[in-house]
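The lines below spell out each chain.
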Amino acid sequence: MKIYFIKASAGSDYSKYKAETGGPPQNIFAAAAATPKQHDIDMVDETIGMKADLNADADLVVIFMSTPDAYRAYELATAFYDQGKTIVLGGLHTKFNQAEAAKYAHALIIGEVENYWQQVLIDVEQGELKPRYKSKEPVDLSQIQPYPTDIISPSQYDYTWSVVISRGCPFKCSFCLVHEFFDSFTLRPIADIVAELKHLKTLGVAWVELHSDNLTHNKAYAMDLFAALAPLKMKFYGETTVLIARDEDLLVAAQKAGLKAVLLGIETPSVDALKSQKKAFVKPEKMKEYIRIIQKHDIEVWGDFLFGFDEHTNDIFQQTQAFVTDIKVDKVVPHFMIPFPGSETFKKLDTEGRILTKDWAKYDGSHAVYQPKHMSTTELEEGVYWVWEQNTGFLEKLKYLF
Ligand code: SF4
């Protein structure tokens, strides 16, 4: 069977940011890796400027979408549907908007794909596709295959690649979808990661995202992982929490492994906002000290900051700018807090009648899509743009590490 995997993108700034910072998108690569060899695969990742080919010779078209890309995915699904092809939709937006997505597909794939993917393919071939597929268990990461490098090559990602370390997150921050999408926090065997990295090194990949939403949560695992990565002499970055700064052993091991940068969700200097978002483990008053400790190990700190929490008034932009200058974060990544459907925050805002639009194209990080509590939508938009302007050059600076 001929299968065409598409990561849809509407080309928003948010998609571009994800593409610049994250390497290959997880979903199309995970599904392609789980596909038995007897099938012919083609893939397109629109987040890096590729365009889906509407003349593609495929029996099955599988489209993954995030919320701001939903309409692009539906446009593609409709075009292929009209040609008589079998359409399957997956990705974050599909999981949390199943009734909507079902209008454009023969089947939906919900959550992690590997446990049921072979069954989907068998059902397509036998003409017995079911409307929805969902795994009852989290995927055993010892069973996943390395992501393919021979369909979309690492050169198309500027030799930046992404290797799965874990899935899920043990925390449950209200605005976040990670813990809603994955049922549990699971870790991949270290030997499999090392084998995949050795192969990537032969292809010229030197800059790798250790793909995890919480790279150092399990200290014993992280110590073993870092020890195994050190001999590879590659450069890595990854996402974790600021709690890494409390552990000198971990930082020493990370430095020896080649970890060059960590992305930390610092979010906001507002203690009240952090508490209400169930992220009180971030302590603004400790950040300056923690960041200095991390930087002492030659690891850059990239800070994610969010704006628009109910505790924010319109002085939060200047306050945050003063805060990032004071704590000396290496790169500032400011965002609107986007209440993605499926998140606790979206449910709360919707219940309170404060969601201003369900035009998903606007959930792209460039628009205020809900009514903030203590400022106007214009104040929120102008404030975020102002912080962006104060911290320009983030994406450009990333390049020096390539
Ligand atoms: S924001 Fe970060 S720490 Fe919180 S649940 Fe999401 S991934 Fe985990």
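Residues numbered from 1 in each chain as written. Predicted model: local features only at pLDDT ≥ 70, side-chain atom pairs only at ≥ 80, totals over all residues. Heavy atoms only, no water.

### Observations regarding the pairing of strand β4 (residues 86-90)
Piece 1. Most of β4 sits inside the fold, with four of its five residues counted as buried.
Piece 2. On the question of chirality, the crossover connecting strand β3 (residues 60-64) to the parallel β4 by way of helix α3 (residues 70-82) is right-handed.
Piece 3. Across two bridges, the pairing between β4 and strand β5 (residues 107-110) is parallel. Bridge pairing links Val88 to Ala107 in β5. (Buried < 20%, exposed > 50% of the residue type's maximum accessible area, 1.4 Å probe, protein only. Helix = DSSP H or I, 4+ residues; strand = E, 2+ residues; numbered from the N terminus. Right-handed = clockwise from strand over helix to strand, strands pointing away. Pairing = 2+ DSSP bridges.)

### Some thoughts on the confidence of the model for the protein
Piece 1. Summarising the model, the protein shows a mean pLDDT of 93, and 95% of its residues fall at 70 or more.
Piece 2. Note on residues 394-402: pLDDT under 50 across the span, and 25 contacts to partners over four residues away in sequence or across chains. (pLDDT = per-residue confidence, 0-100. Contact = heavy atoms within 4.5 Å.)

### Quick word on the packing of aromatic side chains
Piece 1. All told, the structure shown has 17 aromatic pairs when counted by the stated rule.
Piece 2. Geometrically, the ring pair formed by Phe29 and Tyr157 is edge-to-face, given 6.2 Å between the ring centres and 70° between the ring planes. Of this pair, Phe29 sits in helix α2 (residues 26-33) while Tyr157 sits in the loop between β6 (132-134) and β7 (160-164); the two residues are 128 residues apart in sequence, bridging distant segments of the chain.
Piece 3. For Phe29, a relative accessible area of 0% corresponds to the buried category.
Piece 4. Taking the centre distance of 5.0 Å and the plane angle of 80° together, the rings of Phe181 and Phe182 count as edge-to-face. Taken as a pair, Phe181 and Phe182 share a single burial class, namely buried.
Piece 5. Ring pairs connect the aromatic residues Phe29, Tyr147, Tyr157 and Trp161, which therefore count as one cluster. (Phe/Tyr/Trp six-rings, centres within 6.5 Å; stacked < 30°, edge-to-face > 60°.)

### Quick look at helix α10 (residues 248-257)
Piece 1. Among the residues making up α10, those that are buried are Leu250, Leu251, Ala253, Ala254 and Ala257. End-on, the buried residues of α10 take up no more than an arc of 165°, which puts them together on one face.
Piece 2. N-cap assignment for α10: the residue whose side-chain oxygen lies 3.2 Å from the backbone N of Asp249 is Asp247.
Piece 3. Just past α10, the residue Gly258 takes up positive phi, approximately 100°. (Arc of directions from axis to C-beta. Polar contact = N/O pair within 3.5 Å; in protein donor to acceptor, adjacent residues only side chain to side chain.)

### Quick look at the side chain of Thr345
Piece 1. The topology assignment puts Thr345 in helix α14 (residues 344-351).
Piece 2. Classification of Thr345 by relative accessible area gives buried; the value is 8%.
Piece 3. Of note is the side chain of Thr345, whose polar atom sits 3.2 Å from the backbone oxygen of Ser174.
Piece 4. Excluding its chain neighbours within four sequence positions, the residues that come into contact with Thr345 are Ser174, Phe175, Gln277, Met337 and Pro339.

### Quick look at the nonpolar core
Piece 1. Counting residues in hydrophobic clusters, the biggest one holds 131 residues, and the most contacted among them are Phe5, Ile109, Trp117, Leu197, Phe226 and Ile266.
Piece 2. Of the residues that make up this core, three or more belong to each of domain 1 (2-134) and domain 2 (158-401).
Piece 3. Membership of the second largest hydrophobic core comes to six residues, among which are Trp207, Leu263, Trp302 and Val333. (Core = buried A, V, L, I, M, F, W, Y, C linked by side-chain atoms within 4.5 Å. Domains from an automatic or database assignment.)

### What to know about the sheet that holds strand β12 (residues 259-267)
Piece 1. Here six strands make up an open sheet; going across it, the order is β7-β10-β11-β12-β13-β14 and the pairing parallel. Looking at the sheet topology across the chains shown, the edges are occupied by β7 and β14 (331-336). The mean inter-strand angle of the sheet, taken between neighbouring strand axes irrespective of direction, is 25°.
Piece 2. Against the sheet, helix α8 (residues 190-202) makes contact with β7, β10 (207-211) and β11 (235-240), and its axis sits at roughly 165° relative to β7, the strand it touches most.
Piece 3. Helix-sheet contacts for helix α12 (residues 287-296) involve β12 and β13 (300-307), and the interaxial angle to β12 is about 170°. (Axes fitted to C-alpha atoms, helices over the stretch in contact; angles between N-to-C directions.)

### Some points on the pairing of β5
Piece 1. Residues Ala107 and Ile109 line one face of β5 and the alternating positions Leu108 and Ile110 line the opposite face, and both faces are buried.
Piece 2. As judged from the three bridges shared by β5 and β6, these two strands associate in the parallel manner. Counterpart to Leu108 in the pairing with β6 is Arg132.

### Side note on α2
Piece 1. Burial of α2 is extensive: seven of the eight residues sit out of reach of the surface.
Piece 2. For α2, the set of buried residues is Gln26, Ile28, Phe29, Ala30, Ala31, Ala32 and Ala33.

### Comments concerning the environment of Leu380
Piece 1. Counting through the fold element by element, Leu380 comes out in helix α15 (residues 377-390).
Piece 2. For the pair Leu380 and Phe307, spaced 73 residues apart in sequence, the C-alpha separation works out to 7.5 Å.
Piece 3. Not counting residues up to four positions away in its chain, the partners in contact with Leu380 are Phe307, Gly308, Phe317, Phe336, Ala368, Tyr370, Pro372 and Met375.

### A few points about the packing of helix α13 (residues 316-327) against α15
Piece 1. Running from amino to carboxyl end, α13 crosses α15 at an angle of 20°, the nearest separation of the two axes being 9 Å. Of the possible angle classes, the one that applies to α13 and α15 is roughly parallel. The two elements α13 and α15 cross, and the hand of that crossing is right-handed. On α15, the residues that touch Phe317, Gln318 and Gln321 of α13 are Glu379, Leu380, Gly383, Val384, Trp386, Val387 and Gln390.
Piece 2. Of the residues that constitute the contact of α13 with α15, the class distribution is five nonpolar, four polar and one charged. (Parallel < 35°, antiparallel > 145°, perpendicular 65-115°, else oblique. Left-handed = near helix turned anticlockwise from the far one by under 90°. Nonpolar A, V, L, I, M, F, W, Y, C, P; charged D, E, K, R; others polar.)

### Concerning the pattern of salt bridges
Piece 1. Applying the stated criterion across every chain yields a total of 21 salt bridges.
Piece 2. Here Arg167 ties to Glu112 by a salt bridge, and the two come within 2.9 Å at their closest N and O atoms. Of this pair, Arg167 sits in strand β8 (residues 166-167) while Glu112 sits in the loop between β5 and α6 (114-125), and the two are 55 residues apart along the sequence. Both residues of the pair, Arg167 and Glu112, count as buried.
Piece 3. For the salt bridge of Glu300 with Lys331, the shortest nitrogen-to-oxygen distance reads 2.4 Å. Here the residue Glu300 occupies a position in strand β13, and Lys331 occupies one in strand β14, the gap between them amounting to 31 residues. Like Glu300, the residue Lys331 is buried in the burial classification.
Piece 4. Within this structure, Asp310, Lys348, Glu352 and Arg354 form a network of salt bridges that share partners. (Salt bridge = Lys/Arg side-chain N within 4 Å of Asp/Glu carboxyl O.)

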